[in-house]
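# Structure assessment
Now for the letters of each chain:
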Amino acid sequence: GLEQVAQVGLAQELAEERGRLGLESLVAVPLRDADANVVGAVFAASRTRRWLDDDRRQVLLGVAEQTGVALERAMLFEAEREARHLAELLEENAAHLAAAVTARDVAMSTVTDLERAGIGLAAVHMLRPQGIEILAASGIPQEMVERFRLYALDSNTLGADALNSVHLEIRF
């Protein structure tokens, strides 16, 4: 299918680039984490034919082993830092919500905190006697928010679906 055509095109493009650069020897070594799972690859190349002798092979294998474990450590560190950041955002959000005195304050605080968490588009919808009201929104054009500020509970929207369900609503 299209994926195979893209791969053939990429292979041809890489072969042309290899020729343009005058590369004669290419090697790729998988990078493995401490549990031997592949987490990446290291590539090396030379303009010399048969460049990869036993000494260079051992160096590449040693570097690949160290790099794989170092990448795993870096990924774990990044994940831990992200988890800490999100925990701090949740803590700040709890403080903001505790200080909010109106439904609109709660909504504004929520969308602001979601925006700070890197969520580009957020809105708080509230069920009212006359329908669903958008109390606050971020990343949505204001004229769109105003146009749909109040809409029916039986509308075909993600917000209505969420309010009519006990499940997380996801659409693509």
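Scroll up for the structure.
The numbering scheme is per chain: residues are counted from 1 as the chain's sequence reads. The predicted origin of the model limits local features to residues at a pLDDT of at least 70 and limits the giving and counting of side-chain atom pairs to 80 or more, whereas totals for whole chains, interfaces and linings rest on all residues. Values reported for side chains reflect all heavy atoms of the structure, with hydrogen atoms and water molecules removed beforehand.

### So, the overall build of the protein
Which entries qualify depends on this criterion: Put simply, DSSP H or I for four residues or longer makes a helix, DSSP E for two residues or longer makes a strand, and each gets a number counted from the N terminus. Only C-alpha atoms enter the radius of gyration, while the globule expectation follows 2.2 Å times N to the 0.38, with N the number of residues.
What the protein contains, in helices and strands, is five helices and five strands. In the protein, the succession of α and β elements from N to C terminus is α-β-β-α-α-β-β-α-β-α. Its C-alpha atoms give the protein a radius of gyration of 27 Å, clearly above 16 Å, the size a compact globule of 172 residues would have. By its C-alpha atoms, the protein is 80 × 40 × 30 Å across when sized along the principal axes.

### Points about the side chain of Glu-72
Going by this rule: The classification of residues rests on relative accessible area computed with a 1.4 Å probe and restricted to protein chains. Under 20% of the type maximum is buried, over 50% is exposed, and intermediate values are partly exposed. Within this scheme the basic residues Lys and Arg register as positive and the acidic residues Asp and Glu register as negative, but His and the chain ends are omitted. Within this document, salt bridges are pairs made up of a side-chain nitrogen of Lys or Arg and a carboxyl oxygen of Asp or Glu, the two lying within 4 Å of each other. Contacts are assigned to residue pairs with any non-hydrogen atoms lying within 4.5 Å of each other.
Among the structural elements, Glu-72 can be located in helix α2 (residues 54-99). Buried Glu-72, no salt bridge; nearest opposite-charge side chain is Arg-73, N-O distance 7.9 Å. If near-sequence neighbours (up to four positions away) are discounted, Glu-72 is found in contact with Asp-33 and Ala-34.

### Describing the pattern of salt bridges
For the coordinates displayed, the defined rule picks out nine salt bridges. Between Arg-84 and Glu-80 there is a salt bridge, with the nearest N and O atoms lying 2.5 Å from each other. Residue Arg-84 and its partner Glu-80 are located together in helix α2, separated by four residues, close to a single helical turn. Judged by relative accessible area, which is 40%, Arg-84 ranks as partly exposed. Judged by its relative accessible area of 38%, Glu-80 falls in the partly exposed class. Residue Glu-146 is joined to Arg-149 by a salt bridge in which the shortest nitrogen-to-oxygen separation is 2.6 Å. In this structure, a network of salt bridges that share partners links the residues Glu-92, Asp-113 and Arg-116.

### Quick notes on the nonpolar core
Grouped burial of nonpolar side chains is what soluble globular proteins tend to show. Our working definition: To define a nonpolar core, start from buried Ala, Val, Leu, Ile, Met, Phe, Trp, Tyr and Cys residues and group those joined through side-chain atoms within 4.5 Å.
Core analysis: the largest hydrophobic core is formed by seven residues, namely Val-27, Val-29, Leu-31, Ala-44, Trp-51, Leu-60 and Ala-64. In terms of residues, this core owes the most to one element, strand β1 (residues 25-32), which gives three residues. With residues up to four places along the chain from it excluded, the contact list for Ala-44 reads Ser-25, Leu-26, Val-27, Trp-51 and Leu-60.

### Here we look at the sheet that holds strand β5 (residues 150-151)
Note the following rule: In this scheme, strands are said to pair when DSSP sees at least two bridges between them. Axes here refer to lines fitted to C-alpha atoms; in helices the fit is confined to the stretch in contact. Angles between the N-to-C directions go from 0 to 180 degrees.
The sheet built from three strands is open, its strands ordered β3-β4-β5 with antiparallel pairing. One side of each edge strand has no neighbouring strand; the edge strands of this open sheet are β3 (122-128) and β5. Along the sheet, helix α3 (residues 103-116) contacts β3 and β4 (131-138); its crossing angle with β4, the most-contacted strand, is approximately 45°.

### Remarks on the pairing of β1
Side chains Ser-25, Val-27, Val-29 and Leu-31 project from β1 onto a buried face, and the interleaved Leu-26, Ala-28, Pro-30 and Arg-32 project onto a face without burial. As consecutive antiparallel partners, β1 and strand β2 (residues 38-46) are separated by five residues, and within that stretch Ala-36 has a phi angle of approximately 70°, a positive value.

### Brief notes about a nonpolar patch on the surface
How we decide: Patch membership needs two things, relative accessible area over 30% and no salt bridge, and members are linked within 9 Å if like-charged or within 5 Å if nonpolar (Val, Leu, Ile, Met, Phe, Trp, Tyr). Using a 1.4 Å probe, accessible areas were evaluated by the Shrake-Rupley method; residue-level cover was limited to the displayed protein chains.
A surface patch of nonpolar side chains, about 230 Å² in accessible area, is lined by Leu-127, Leu-153 and Leu-163. You can see Leu-127 is positioned in strand β3.

### Some remarks on α2
Condition: Multiply 1.5 Å by the residue count of a helix minus one, and that product is the helix's expected span. Nitrogen and oxygen atoms within 3.5 Å of one another constitute a polar contact, given that in protein one can donate a hydrogen and the other can accept it, and given that sequence-neighbouring residues count only through two side-chain atoms.
A rise of 1.5 Å per residue sets the reference length of α2, with its 46 residues, at 68 Å; its end C-alpha atoms lie 67 Å apart and thus fit the reference within 8%. All of the buried residues in α2 are Leu-60, Ala-64, Gly-68, Glu-72, Leu-89 and Asn-93. Looking at the buried positions of α2, the neighbouring elements they touch are β1, β2 and α3. Among the residues of α2, the N-terminal cap falls to Asp-53, whose side-chain oxygen and the backbone nitrogen of Asp-55 are separated by 3.2 Å.

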